[in-house]
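# Fold and geometry: a report
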Amino acid sequence: MTRATAGAVSGELEALGLITVDSRPAGGGRGRPSHRLAVDPAGPVVIAAQIHADGLSVTLAGLGGQLVQPVHLPLPAATDPARMLRAVAEAGAELARSSARRCLGAALALPNPVTEPDGTALAALHFAWPSGTPVADLFAEQLRRADLGPRARAPFPSAVANDANLAALAEHRHGAGRGARHLLLVTSGHRGVGGALVIDGRLHTGSAGLALEVGHLTVDPQGRPCQCGNRGCLNSETDPDALFAAAGLTPDPDRPLLGQARALARSAAEDPRAREAVERVVDRLGLGLAGMVNILNPDRIVLSGLHLDLLAAAPERLAAVVADRCLWGRSGRVPIVPAEVTHAGLVGAAELAWEPYLDDPQAVAG
Ligand SMILES: [Zn+2]
C-alpha cells in the first residue's frame with residue numbers, strides 16, 4: 001500500500017487503541033525513515049480458555065498471541081457441561097474484572113469435536129457429556145451470568161472449537177507452521193489422536209465442523225480396541241495408553257498420563273524396552289500420516305503432544321515409514337516438524353476470540 005494509505009490505516013488502529021506508533025521513527029538506511037508499529041501493551045484483551053483431561057486453563061490474551069497470565073485450575077468435582085462451563089466463565093470473568101484493559105470476547109478449546117455452525121459437542125467422552133450438548137450456547141449463557149466487570153464490551157461475543165483445530169491455528173500463525181500453505185497438525189494429548197488442516201491461513205473444518213477426525217484411521221486391523229468399536233485405530237495405537245501397552249508398563253493413575261508417556265518416550269535413548277515401544281508406535285503413526293499425506297498433500301506436518309516426543313525419539317524412522325508409503329512426487333518428502341507454541345490450545349482460542357476484530361477492527365469500538 002502507499003505511504004499515505006499505511007499512515008491512514010495505522011492511525012485508525014492507533015485511535016482504536018490496538019497499536020502504538022513510534023512518534024520518533026528510527027533513522028538510518030535510505031529514504032524517509034519508517035514509523036515503528038507495535039501491539040499496544042495496554043490495548044484490549046480477550047478471554048482464552050481450554051478444558052482438558054487434567055483441568056481448566058484460562059488466560060487473558062492480547063493481539064498477536066500474547067497470553068497475559070495463564071491460570072490452571074483442577075476439574076470441578078461435578079463435570080456436567082453447565083457446571084464445567086460455569087467454572088470456566090467465572091474464572092475468565094475474574095481475570096477480566098481484575099485487568100485494567102478492555103475485554104472484547106471469549107473463546108474456549110474443547111477436547112472433542114464441535115459442530116459448525118451450531119456449536120454442539122459430539123463424542124465428548126472425557127467427561128461423558130451427552131452427544132449434541134449445545135456447548136456454544138451454554139458457554140455464552142454462563143458468560144452472560146458472570147460479572148465481567150465495567151470494561152467488558154457489550155455485547156460480549158464468544159465461541160467454542162475443538163482444541164486440535166485451535167492448536168493448528170496457533171502453530172500456523174505463531175509457531176512451527178508459519179509460512180506453510182497446507183499445514184497438517186496431528187496430536188495426541190490424554191487419550192486418542194486429533195488432527196487439523198490449515199489451508200492458506202484458514203482452518204479447513206468441513207461441511208459441519210467435523211473434518212480431520214483422523215483418530216479412526218485404521219493402522220493395524222488386529223490392533224488394540226478403540227472406543228468406536230473397531231480395532232487398531234490411530235487413536236488406540238498411538239496415544240499415551242498405546243505407548244505404555246507397547247512397553248508392557250502401566251501408568252501411575254494418580255499422575256497426568258501425558259506427562260508420564262512423554263517421559264517414557266524420552267527415555268528411549270537409554271532404555272531398550274522404551275526404544276522398542278517407541279519404534280512400534282512410531283511405525284503405526286507413520287502409517288497414519290502416510291494415509292493423510294496421500295489424501296491431503298500437505299506441505300508441512302506439525303506434530304504435538306506425545307507425537308512430538310515420538311518424532312524426537314525416532315525422526316529418521318518416522319520419515320522413512322511415511323516416505324515408504326508415499327511413492328510419488330513431493331508428498332514423499334513432506335517436512336515433519338515438532339510443534340513450537342506453548343499453550344497452543346489457549347493461543348488458538350485467543351485467535352478465535354480475536355477473529356471478529358481481525359476481520360473488522362472497527363468492531364472494537366462497538
Ligand atoms: Zn476408532
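By the naming in an unreviewed UniProt entry, the protein chain is Putative NBD/HSP70 family sugar kinase, taken from Kitasatospora atroaurantiaca. Heading Sequence similarities (unreviewed entry) of the UniProt record for the protein chain holds this comment: "Belongs to the ROK (NagC/XylR) family."

## Remarks on the pairing of strand β10 (residues 194-199)
In terms of residue burial, β10 counts as a mostly covered element, since 5 of its 6 residues are buried. In this structure, the hairpin formed by strand β9 (residues 182-188) and β10 is closed by a connection of 5 residues, where G192 is found at a positive phi of approximately 80 degrees. Bridge count for β10 against strand β11 (residues 202-203) is 2 bridges, and the pairing is antiparallel. Bridging from a neighbouring strand, I199 pairs with R202 of β11.

## Topic: helix α2 (residues 81-98)
Given a rise of 1.5 Å per residue, 18 residues ought to cover 26 Å, and the 26 Å separating the end C-alpha atoms of α2 matches this to within 8%. What α2 keeps buried is the set P81, M84, L85, V88, A89, A91, G92, A93, L95 and A96. The secondary structure elements touched by the buried residues of α2 are β3 (45-52), β4 (55-62), β6 (71-73), β7 (103-110) and α3 (135-145).

## Regarding helix α4 (residues 163-174)
Two residues of an α-helix separated by three or four positions point the same way, owing to the 3.6 residues in each turn. Taking 1.5 Å per residue, 12 residues should reach 16 Å; α4 reaches 16 Å between its end C-alpha atoms and fits that length. The buried fraction of α4 amounts to 10 of the 12 residues, a majority that puts the element mostly inside the structure. Considered for burial, the residues of α4 that qualify are D163, A164, N165, L166, A167, A168, L169, A170, E171 and H172. Taking the backbone nitrogen of A164 as reference, a side-chain oxygen 3.0 Å away marks N162 as the first, capping residue of α4.

## Regarding the coordination of the zinc ion
Taken together, the protein ligands of the zinc ion are H216 (ND1), C226 (SG), C228 (SG) and C233 (SG), with distances of 2.0 to 2.4 Å. Considering all 4 donor atoms around the zinc ion, angles at the metal cover 105 to 122 degrees and the coordination shape is tetrahedral. Sequence spacing among the residues donating to the zinc ion works out to H-x9-C-x1-C-x4-C. Placement of the pair is H216 in the loop between β11 and α5 (234-237) and C233 in the loop between β11 and α5, with a sequence separation of 17 residues. Since its relative accessible area comes to 36%, H216 is described here as partly exposed.

Conventions we followed
- Residues numbered from 1 in each chain as written.
- Predicted model: local features only at pLDDT ≥ 70, side-chain atom pairs only at ≥ 80, totals over all residues.
- Heavy atoms only, no water.
- UniProt positions renumbered as here; feature names shortened; annotations may be inferred.
- Buried < 20%, exposed > 50% of the residue type's maximum accessible area, 1.4 Å probe, protein only.
- Helix = DSSP H or I, 4+ residues; strand = E, 2+ residues; numbered from the N terminus.
- Pairing = 2+ DSSP bridges.
- Expected span 1.5 Å × (residues − 1).
- Contact = heavy atoms within 4.5 Å.
- Polar contact = N/O pair within 3.5 Å; in protein donor to acceptor, adjacent residues only side chain to side chain.
- Donors = N, O, S within 2.8 Å, 3.2 Å for Na, K, Ca; no water.
- Tetrahedral: all angles 85-135°; square planar, octahedral: opposite > 155°, others 65-115°.

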